[in-house]
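# Understanding the architecture of this molecule
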Amino acid sequence: MIRSMTGFGRGEAVAGGRSWLVECSSVNRKQLEVVISLPREVPSTEVEPLLRQQVQKVVSRGRVQVQARLMDSAAAKEAPAQLNEAVAASFLEGARCLAAKLGVPGELSIADLVRLPGVVQTGTVEATEEFDMAPLQAAFDEALSNLITMREVEGAHLRHELEGRLTEIERLLGEISAQAPQVVAHYRAMLRQRLAEAGLDLPLEDERLVKEIALYADRCDISEELARASSHLKQFRSGLASGEAVGRSLDFLSQEFFREFNTMGAKANDAALAHLVVAAKTELEKIREQIQNIE
């Protein structure tokens, strides 16, 4: 099944008062790139490789970003405030000595003391319970599954469009194949006309005339290019019907396809034939653009 490299999936799971939200998104890349973002409550050195391996099993191309969020975290609890009496006493003693030295009356109030740095200490303590992977895994599985589903749906649309353009290219190849033999006949007629206008009305059996027409027919012969183009067409359709990741092979095949049309255009010394080749190349260029979205 053809898959697009563009997609999005979301998964949620709730357990133990915690709500996990995982989002997986992917965009085009020539190779596979996996970026994982986890909250600080998760032991990332253990969990990240596991999630990365699971992505690599089902995705072969594209930049996949996994973002996990813990909506209601109970992993960190506020620690009670603590009064550092030694620091407070030091501040108070210092203030009294300074007042006596300068002859300034006054005492520090308790309100003044608690505002001084280091007198009141607060912080957080981390929960010591073992991390529960199950809810995160469940949310991740759902998100990744939804991502793959969306990539498959987008891939089906791409395949439909590509098959339509391949049908048009096949039609144009048929017209090119029918038009190609007429090129030599047209050249023969034009050559005889020019010779007649120059006063050299040679018979068709004239050796020089036969040789010139034969050389021209050899130069503009595109039968090999037509045969290879037909083969590429069959391989392309076979790739679209494959259940494998064929983005790279189709990209290479489209380049070979394009080369055949370029050769046809270079050999074709005929306006009608050149017009058909340009039309086919236009369709092929649109195919090449869409292939960049295929896994």
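One can find the structure itself at the top, above this paragraph.
Quick caveat, the model's predicted, so the values are computed rather than measured. (Residues numbered from 1 in each chain as written. Predicted model: local features only at pLDDT ≥ 70, side-chain atom pairs only at ≥ 80, totals over all residues. Heavy atoms only, no water.)

## Focus: the pairing of strand 1 (residues 7-15)
What counts, and what does not: When DSSP locates at least two bridges between a pair of strands, those strands are taken to pair. Per the convention used, a helix needs a DSSP run of H or I reaching at least four residues, while a strand needs a run of E reaching at least two, with both numbered from the N terminus.
Sheet analysis places strand 1 next to strand 2 (residues 18-27), joined by nine bridges and oriented antiparallel. What sits directly across from Arg10, in strand 2, is Glu23. In this structure, the hairpin formed by strand 1 and strand 2 is closed by a connection of two residues, where Gly16 is found at a positive phi of approximately 60°.

## Here's the deal with the pattern of salt bridges
The condition is simple: Salt bridge, as applied in this entry: a Lys or Arg side-chain nitrogen positioned within 4 Å of an Asp or Glu carboxyl oxygen. The buried label goes to any residue with under 20% of its type's maximum accessible area, the exposed label to any with over 50%, and the partly exposed label to all in between, with areas taken from a 1.4 Å probe on protein chains only.
Scanning all chains against the criterion turns up 18 salt bridges. A salt bridge links Arg159 to Glu163; the nearest nitrogen and oxygen atoms lie 3.0 Å apart. With Arg159 and Glu163 both in helix 4 (residues 133-197), this residue pair falls four residues apart, about one helical turn. Taking relative accessible area as the criterion, Arg159 reaches 29% and is therefore assigned partly exposed. Residue Arg228 is joined to Glu260 by a salt bridge in which the shortest nitrogen-to-oxygen separation is 2.9 Å. Taken together, the residues span a long stretch of sequence, with Arg228 in helix 6 (residues 223-241) and Glu260 in helix 7 (residues 247-267) at a distance of 32 residues. Take Arg228: its relative accessible area is 35%, and that puts it in the partly exposed class.

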